Amino acid sequence: MLINVWDYAKFGTPGDDPIQAALDAALPGDRIYIPGVVPYTAPSAGWLIDKSLEVYGDLDGSLSGTIKGTILNQPNSASPHFKVLPPAGNVHLHDLRLHGAGGTGAGVGILCQSTTSAHLEEIRLRRLFVQGFPSYGIRFDGVHALNGRIIGASVFDCLVRDCSGAGISILNADSVMLAGTSLRDNQGSGLTGTASGIALYQCDLESNSRAAGLGALDANLKLDNCEMARVDACRFTGFQLGPVKKAVVLIGCGGAMVDACDFEVEPGTGTEGIVVTGSGAGPAAILSNRFKEVNVLIRIDPGARDCVVFPQYADNAAGIGTIVLPYPNEGMYGAPHIVRPGGVEMSGLLVPSSAADPTTGLRQGMLSYNTTLQSLRAYVNGTWNPVALDP
Amino acid sequence: MLINAMDYASLNAAIAAAEPGDRIYVPGVRPWPSGNVLTKSVEIFGDGPGTPGALDGTTFIADNADVFTISSHLGAIGSIHLRDFKIKQSGTLSGGTGIKCVTPGHSVDSLRLERISALGVKSDAFVIDAAGQFVRNLEMTSCLAVSNERLGLLLRNVRLARLVNSFFNSNGHGGVYAENSGVAIYVGGMEQNSKGALASQGQIEVRNCPLARLDACHFELFAQAVNTNRDIACDIADGGGAIVLGGCYFALDNSTHGTAIRIQAGTKGPVTVLCNRHTRVTTLVEVAANTAVGALLPQFDDGADGTSAGVKGDYLLPSPPGGMVGCTSVRRVGVPGPDQLVLRGLLVPSGTTPPTTNVQDGMLFFETDQSPPALLVRVAGAWRRVLTA
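Residues numbered from 1 in each chain as written. Chains lettered and ligands numbered in written order. Predicted model: local features only at pLDDT ≥ 70, side-chain atom pairs only at ≥ 80, totals over all residues. Heavy atoms only, no water.

**Q** Can you help me understand the overall build of chain A in this one?
**A** Looking only at helices and strands, chain A features 1 helix and 39 strands. When the backbone C-alpha atoms are referred to their principal axes, chain A occupies close to 95 × 45 × 30 Å. Carbon and sulfur atoms make up 55% of the accessible area of chain A, which totals about 13400 Å². Taken together, the 26 basic and 36 acidic charged side chains of chain A have centroids lying 1 Å from each other. (Helix = DSSP H or I, 4+ residues; strand = E, 2+ residues; numbered from the N terminus. Areas by Shrake-Rupley, 256 points an atom, 1.4 Å probe, with all protein chains shown as cover. Lys, Arg positive; Asp, Glu negative; His and termini not counted. Charge placed at Lys NZ, Arg CZ, Asp CG, Glu CD.)

Set out below in structure tokens:
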């Protein structure tokens, strides 16, 4: 059933909140429409959604400083604006402008929170404008428990900006997909994901990680111990601002892939595009990407294993942009060429290297470089043999 | 607020009355004219595109003017959402584009096109030409551009353009032309484009794009151009950027020519070609000499149609292949005789002199300028020749 929140407005009644009244009255599966005829202010505890609902307003109508559409204001810096709690599932929020109270505090724009025994599933956010929250813009807060994770969340065509925390924070959530979403000018990371499965497609992360007290790895996109990490055709700009100066950091992620992304900053020092770090990180595949004025295109730290690095494009003159790889490389393959407008900085073919010959999963014809023996080795007839070199 | 366009004398009058953020419903009770101009954030939606040849659904008639012109000349536009209608040629009048977005002076932050069919327009179907200020985000989902006289989609200076499940068939000048844009196409289809005598594009042409991504796309019957030089499914040209293609399907009928992926001379790359499937395609991947470096992975070639001699597709690479890495094996099935695995070795980067940057011990490199040429391995900081005799 379609519900218009204005049918729940008790005009002239102090403390009346037609949106929460409609949320309470709705049955699972209903649609709630919030017309953009006036701005709305959330109750002090925020709006609670605990059932399957579609909640929507009028399109974000910004035009050269004029703000229109359905505008939802946060009353204070302490409370979440929307709180989605079990047994809610199949919740769909779209076409809303969420305006935070600014400053710092615990108040999140949208907080989706499971419990140890009750998971949340299918949270769909579309065309939301989330701005100026004292904490995160959007927070998926799952629990590391068999029945406590958030399962299936998607954020499409949203803009999250000017929040005091990360734009989006994801914890213990599976199958989270973001597409066409912009994360801009947030004091924390644009997106930070921990112990989750996250894929970003065509997202735009710009000038995040601005707060002075951030850790060295609090990049514009920070994925920490994620079981799935996919970054596809995204754009990272302005990450030279703030203290971190990193676009993408993959910490301890196994099975990660970054491809066809564009990294651009203003000329400066200390900027890094893609960082793979953390003991046990990898495999991570870094396919072709483009960089402009980035000091370190890719850094893979010792401890990361089995990474693939394909050629990259650096849209600037020689001398700006390096690729830093570990040695021994512990399973690396690829070719870290850097293509530039004036030519190619050719590299060789990366052969997996380690301090000792590999011992498991061996097949005839394999190549490995033994850094202790300083010898290229070929696996032939059941043993590792040195490849003969011209003396 | 929801506005019904029938309450106004015209759609333009409804747009003029709308506040930014409003939705305008265009019922499919009669055909709607072209010449609609959008300068503010609104959503316009109809009853759906209906049947291709009919006037059912919500149908706009393409005549002498563009059906929709989106222009930011009055100020930056936050969000425009057009969905659920059809654009159809008038039959007699020549004219304008289906949907055109231009950005003189101000930017467009978000433009979403959903479930829009553009059929038989006498010009380009969709044009997003951000020659002035940028278009930040374009999303095009479940749209169709069929039998339009020029291009299915032109993109220029769009920061991020995402096409999902959109199809471009039988457009005279080509399916998609993307220039200086960040474009990603997921699960798209392109078929029988570039057939016109004035065809200037392949099924898709990616030119000087900072990022380009084609994922799980379907290309069919792309060898029917008047100019056989345009018998190309995916044409990559100019500049440098990150281009990744994978999981795509390229199919031809009984044509004797056709190139699935062409990387033109002068393209710096890098280009990564992941695994794809091809049916009766002559050239699976063509890389011009002295051009892009990149990574190439094995391809699957479903060569024969059961009645003809079959087409054995293959890589076409320069020799030496320069900075290419990977493995260019081709698995062929359906060719006369048993299935073939055209097994190739590991592609080792090659050049006239050994690399001096981005190197570490254990790397391999093939030096072409020696007599005889030599495979080198880097050991203890120096390049050493591998003995092959």
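**Q** What is the right way to look at the pattern of salt bridges in this model?
**A** Where side chains of opposite charge bring their charged atoms close, a pairing between them can arise. All names here are of chain B. In this structure the tally under the stated criterion is 52 salt bridges over all chains. For E139, the salt bridge identified is with R162, shortest N-O distance 3.7 Å. Of this pair, E139 sits in strand 11 (residues 135–141) while R162 is found in strand 14 (residues 158–164), placing the two residues 23 residues apart along the sequence. Across the pair, exposure class does not vary: E139 and R162 are buried alike. With its nearest N and O atoms 3.5 Å apart, the salt bridge here joins R332 to D301. One end of the pair, R332, is in strand 33 (residues 330–333); the other, D301, is in strand 30 (residues 299–302), and 31 residues separate them in sequence. Take R332 and D301: they sit in the same class, and that class is buried. (Salt bridge = Lys/Arg side-chain N within 4 Å of Asp/Glu carboxyl O. Buried < 20%, exposed > 50% of the residue type's maximum accessible area, 1.4 Å probe, protein only.)

**Q** Any chance you could explain the sheet that holds strand 36 (residues 353–354) of chain A here in plain terms?
**A** Pairing between the strands of a sheet is mediated by backbone hydrogen bonds and can be parallel or antiparallel. Residues and elements named next belong to chain A. Spatial ordering of the open sheet is given by 36-37-38-39, a layout of 4 strands whose pairing is mixed. Each of the sheet's edge strands pairs with one partner strand only, and the pair in question is strand 36 and strand 39 (383–386). Note that strand 37 (residues 367–370) and strand 38 (residues 375–380) share 4 bridges and pair antiparallel. Bridge assignment links L367 to a residue of strand 38, and that residue is A378. (Pairing = 2+ DSSP bridges.)

**Q** Teacher, can you tell me more about the pairing of strand 33 of chain B here?
**A** The two faces of a sheet get side chains in turn, since along a regular strand they alternate between them. Residues and elements named next belong to chain B. Sheet topology note: the strand 30/strand 33 ladder contains 4 bridges and is parallel. Its bridge partner being in strand 33, D302 is matched across the sheet by V333. As judged from the 3 bridges shared by strand 33 and strand 34 (residues 340–342), these two strands associate in the antiparallel manner. The residue bridging R331 from the neighbouring strand is L341, located in strand 34.

**Q** For this particular structure, what's the right way to read the interface of chain B and chain A?
**A** How big an interface is tends to be reported as the loss of accessible area on association of its parts. Contacts between the two partners involve 75 residues from chain B, matched on the other side by 73 residues from chain A. At the boundary of chain B with chain A, total buried surface from both sides reaches about 5600 Å², with 59% on carbon and sulfur atoms. If you sort the residues of chain B by the area they bury against chain A, B:R23, B:N358 and B:Q360 come out on top, with a joint share of 11%. Between chain B and chain A we count 9 salt bridges in total. Notably, a salt bridge pairs B:R136 with A:E206, separated by 3.1 Å at the nearest N-O pair. (Contact = heavy atoms within 4.5 Å. Buried area = accessible area lost by both parts, 1.4 Å probe.)

**Q** Looking at this structure, how should I read the sheet that holds strand 37 (residues 364–367) of chain B?
**A** Strands sit in the order 36-37-38-39 (chain B) across an open sheet of 4 strands; the sheet is mixed. In the strand order of this sheet, the two ends are held by strand 36 (350–351) and strand 39 (382–385) of chain B, each with one partner.

**Q** Please explain the pairing of strand 25 (residues 259–263) of chain B as it appears in this structure.
**A** Residue and element names in this part refer to chain B. Burial of strand 25 is extensive: 5 of the 5 residues sit out of reach of the surface. Where strand 22 (residues 232–237) and strand 25 come together, 4 bridges link them in parallel fashion. Paired with I232 across the strands is T259, a residue of strand 25. Here strand 25 runs beside strand 28 (residues 283–287); their pairing, made up of 4 bridges, is parallel. When the sheet's bridge partners are listed, I263 is paired in strand 28 with V287.

Note that every value here comes from positions in space, so none of it alone points to a role or purpose.
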